[in-house]
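Observations on the three-dimensional arrangement
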Amino acid sequence: MIATQQRTVTVWQGRVPFRVHVKGEGPAVVFFHGPWGLLWGPFLDALAQRFTVYAPEHPGTTPGEPDAVQQIDSLWDLVLCYDELLDSLRLPEAMLVGHSFGAMVACEVAAMRSSRVRRLVLIDPIGFWRDDAPVINWMLLAPQDLPAYVFREPEGAPARALFSIPDDPEDGALARTRLIWAMGSTGKFIWPIPDKGLKKRIHRIEASTLLVWGDHDRLVPRVYADEFARRLPRTRLEVVKGAGHAPHLEQPDATAHLVQAFLNDQSS
């Protein structure tokens, strides 16, 4: 089995380091993780069997580099940082897969330079707002309540892997700090609501798009799938059973099967 490699790429005039996890062989797939940091698991391993997967850690979520996010003032700055990162990785063309906050960022990257993106996968994305169907603000939830909102089975192994707090007081305090900082590092670009104008830019996306939604998403109502599909004409929706807001973690085999088939399909 090919091991996962890590490399650090610095962008934004040398001020923003990205730690990038790389695994696999084949066409390039870039994965944009969600608000709680990168968790490499079976889903990304499955993609790496057919593709070269690049998974950057969002600035501020990398251990030892918490201040990197302070060099980025706005969502536009963030999108440009990712654009510079893809240039530095020598990826003039790639397929993008994003989850939650990361799906919104992937949309913004695709809207800015549509010619770069061959295919786009959005897993329970945010980016819009409806008063009649508000997105739950997870930054206002207590850490112990997060698993019940993010996962269909809050006591399951994926939930523990993402949110578990060690019993040791010092280790537990560090884990809580990292979780809160990760949410702050991503949350600064969506506070107070995750509508930062994507609806004005999303029409620029030309790539065929797959929407993946967990059938028990308690954070982002499924009505937002309709919002994305309405604005992205070359889109189809797949609902993953037995999953909450993170189907790629809770049902990695089923989600990977859907995503692999879509990325391999060259008919559209």
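Here the structure is shown first, and the text comes after it.
Cut-offs used in this document
Residues numbered from 1 in each chain as written. Predicted model: local features only at pLDDT ≥ 70, side-chain atom pairs only at ≥ 80, totals over all residues. Heavy atoms only, no water. Helix = DSSP H or I, 4+ residues; strand = E, 2+ residues; numbered from the N terminus. Rg over C-alpha atoms; globule rule 2.2 N^0.38 Å. Buried < 20%, exposed > 50% of the residue type's maximum accessible area, 1.4 Å probe, protein only. Contact = heavy atoms within 4.5 Å. Lys, Arg positive; Asp, Glu negative; His and termini not counted. Charge placed at Lys NZ, Arg CZ, Asp CG, Glu CD. Salt bridge = Lys/Arg side-chain N within 4 Å of Asp/Glu carboxyl O. Pairing = 2+ DSSP bridges. Axes fitted to C-alpha atoms, helices over the stretch in contact; angles between N-to-C directions. Arc of directions from axis to C-beta.

1. A word on the overall build of the protein chain
On a plain count of helices and strands, the protein chain comes out with ten helices and eight strands. For 268 residues, the compact-globule estimate of 2.2 N^0.38 gives 18 Å, and the protein chain sits close to it at 17 Å. In terms of principal-axis extent, the alpha carbons of the protein chain reach across some 55 × 45 × 40 Å. The buried share among the 268 residues of the protein chain stands at 54%. Taking contacts inside the protein chain between residues at least 6 apart in sequence as the whole, the part at least 24 apart equals 74%. Positive and negative side-chain charges in the protein chain, numbering 28 and 32 respectively, have mean positions lying 6 Å apart.

2. Here's the deal with the pattern of salt bridges
By the definition in use, this model includes 15 salt bridges. Arg 116 serves as the salt-bridge partner of Asp 83, at 2.8 Å between the closest nitrogen and oxygen. Highlighted residues: Asp 83 in helix H2 (residues 75-88) and Arg 116 in the loop between helix H3 (101-112) and strand S6 (117-123), separated in sequence by 33 residues. Side by side, Asp 83 and Arg 116 carry an identical accessibility label, which is buried.

3. Considering the sheet that holds strand S2 (residues 16-23)
What the eight strands build is an open sheet, ordered S1-S2-S4-S3-S5-S6-S7-S8; its pairing is mixed. Whereas interior strands pair on both sides, the edge strands pair on one side only; in this sheet they are strand S1 (5-11) and strand S8 (235-240). Ignoring strand direction, the axes of neighbouring strands in this sheet form an average angle of 20°. The pairing of S2 with strand S4 (residues 52-56) spans four bridges and is classified as antiparallel. In the strand pairing of S4, Val 22 is matched with Tyr 54. Along the sheet face, helix H8 (residues 223-231) touches S6, strand S7 (208-214) and S8 and points at about 180° away from the line of S7.

4. Side note on H8
Where H8 is concerned, the buried positions are Tyr 224, Ala 225, Glu 227 and Phe 228. When H8 is viewed along its axis, its buried side chains cluster within an angular range of 155° and face the same direction. Summarising the contacts, the buried residues of H8 are in contact with H3, S6, helix H7 (198-201), S7 and S8.

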